[in-house]
Amino acid sequence: MVVLAKAELEQIALPAAAPPTADVRAVDLSAAPGAGRAAAARALVAACEEQGFFKVTGHGVPQELVRAVEAAAAGFFALPQAEKEGGAGEPVGYAAAAASLSEPSSPLRELLEEYAAAVRRMACGVLELMAEGLGIEPADALSRLVADAESDNMLRVNHYPPAPRPEQQAGRLLTGFGEHTDPQIISVLRSNGTTGLEIAGRDGAWAAVPPDTDSFFINVGDALQVLTNGRFRSVKHRVVVSSERSRVSMIFFGGPPPGERLAPLPQLLGDGGRSRYREFTWKEYKSSSHKGRLVDNRLCHFEN
Ligand SMILES: C=C1C[C@]23C[C@@]1(O)CC[C@H]2[C@@]12CC[C@H](O)[C@@](C)(C(=O)O1)[C@H]2[C@@H]3C(=O)O
Ligand SMILES: O=C(O)CCC(=O)C(=O)O
Ligand SMILES: [Fe+2]
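Within each chain, residues carry numbers counting from 1 in the order of the written sequence. Chains and ligands are labelled sequentially in the order written, the chains with letters from A and the ligands with numbers from 1. Given that the model is predicted, a residue must reach a pLDDT of at least 70 before its local features are reported, and side-chain atom pairs must reach 80 or more before they are shown or counted; all residues, however, enter totals for whole chains, interfaces and linings. Excluding hydrogens and water, the side-chain figures rest on all heavy atoms present in the structure.

Some remarks on helix 1 (residues 37–50)
Under the convention used in this document: A run of DSSP states H or I qualifies as a helix once it reaches four residues; a run of E qualifies as a strand once it reaches two. Both are numbered from the N-terminal end. For a helix, the expected span equals 1.5 Å multiplied by the residue count minus one. In this scheme, a residue with accessible area under 20% of its type's maximum is buried, one over 50% is exposed, and one in between is partly exposed, where area comes from a 1.4 Å probe on protein chains only. In this description, contact between two residues means that some pair of their heavy atoms is separated by no more than 4.5 Å.
For helix 1, spanning 14 residues, the distance from its first C-alpha to its last is 20 Å, which sits close to the expected 20 Å at 1.5 Å a residue. Within helix 1, burial applies to Ala-40, Ala-41, Leu-44, Val-45, Ala-46, Ala-47 and Cys-48. The inward-facing, buried residues of helix 1 abut strand 3 (26–28), strand 4 (53–57), helix 4 (106–134) and strand 11 (216–220). With its phi angle positive at about 70 degrees, Gly-52 sits one or two positions after the end of helix 1.

Describing the site of ligand 1
Threshold: Throughout, the term near means that a residue has one or more heavy atoms lying within 4 Å of the molecule or strand in question. Any N or O atom pair separated by 3.5 Å or less is treated as a polar contact, with the protein-specific requirement of one donor-capable and one acceptor-capable atom, and with residues adjacent in sequence counted only for side-chain atom pairs. Exposure was quantified through the Shrake-Rupley algorithm and a 1.4 Å probe, taking into account, for residues, occlusion by the shown protein chains and nothing else.
What surrounds ligand 1 is a group of 13 residues, the closest being Met-154, Arg-156, Asp-182, Gln-184 and Ser-289. Gln-184 is positioned with one of its side-chain polar atoms (N or O) 2.8 Å from an oxygen atom of ligand 1. Measuring from an oxygen atom of ligand 1, one finds a backbone N or O atom of Ser-289 at 3.1 Å. Starting from 470 Å² of accessible surface for ligand 1 in isolation, the protein chains cover 77%. Elements with a minimum of two residues in the shell around ligand 1: strand 6 (154–160) and strand 7 (172–180).

Let's talk about the coordination of the iron ion (ligand 3)
Under the convention used in this document: Only nitrogen, oxygen and sulfur atoms within 2.8 Å of the metal, or 3.2 Å for Na, K and Ca, are treated as donors, and water is left out, so sites may look incomplete.
On the protein side, the iron ion (ligand 3) has His-180 (NE2), Asp-182 (OD) and His-237 (NE2) as donor atoms, found 2.1 to 2.2 Å from it. In primary-sequence terms, the residues that donate to the iron ion (ligand 3) follow H-x1-D-x54-H. Overall, Asp-182 belongs to the buried group, its relative accessible area being 4%.

As for the pairing of strand 7
What counts here: A pair of strands is labelled paired if DSSP reports no fewer than 2 bridges between them.
Within strand 7, 7 of the 9 residues are buried, leaving the element largely enclosed by the surrounding structure. Both strand 7 and strand 12 (residues 237–240) contribute to a ladder of 3 bridges, which runs antiparallel. What sits directly across from His-180, in strand 12, is His-237.

A look at the nonpolar core
Note the cut-off: Among the buried residues, those of types Ala, Val, Leu, Ile, Met, Phe, Trp, Tyr and Cys that are joined through side-chain atoms within 4.5 Å form a nonpolar core.
One finds Phe-54, Val-126, Met-130 and Leu-142 to be the most contacted residues of the largest nonpolar core, which totals 64 residues. For this core, the element with the most residues is helix 4, which contributes 15 residues. Beyond its immediate stretch of four places on either side in the chain, Met-130 contacts Leu-44, Val-45, Cys-48, Phe-54, Leu-142, Ile-186, Leu-224 and Phe-232.

Now the structure itself:
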């Protein structure tokens, strides 16, 4: 499913100081086929343990495709509201504040689907490398959850129009996407080079992610935190709207099939063998999540 969405602005208290720049680990996937594979796998695991967030270079997703999708999405968002909302139906929808759905032009849909397929392949490669780094077998223990025909994958394209000038914000900061963790296994994000994405460290402090249009940012989602028995952490993040420029971001969410039973992988239970989470299906997790708010801790309901 593909969703094109306009940001919903929300005001939060203005922090005393601008956040520091996040120190984001970069993993070069082009090193992976050769001697660098073990090192890349170790770097992925370390990044998922420390921050639940990293970026990949040498990812193999063609830049021309990325630029073409981004330009087409920007063109779509520039259309008059009525045209964006005209028509109806899945799998491509335009979600405005009231989540109204429409069918963007089919060349855009084809491009989005081609992009989603390329990013999904890349995400599966990343998950295979993670499994290797974790020493778990089979090699597709994680990637199969996103590669399955029934996988609950989604591409979301977010549009954040420029924020009002700071003096109109009355001492508040505007978020275009409030703080949350992503519920899925893995999220693959890129933006059009506009700032705004922030991640929270283990101490809860926010740090600004410098934009990088050549790399993809990867988030560990709640489901991967569960599968790794908490060894990987799902990263809390948000988008702050402060720029004069409009932000367009594209996020591929890799989720398991609805009926998939999720529980810590036996190989990751450690010596004590204690599972931090009870088994649940992805469908169960999603319906539990939808009862709450974006900011809520969704995993606490599934802890042992
Ligand atoms: C309040 C909600 C919005 C959300 C589904 C949820 O119930 C909790 C998680 C939210 C989130 C965050 C990541 C993605 O942007 C998203 C599409 C998802 O899968 O989970 C959103 C959901 C949404 O906007 O519908
Ligand atoms: O738009 C972004 O950069 C991030 C959005 C996000 O976190 C989400 O859609 O879950
Ligand atoms: Fe997110």
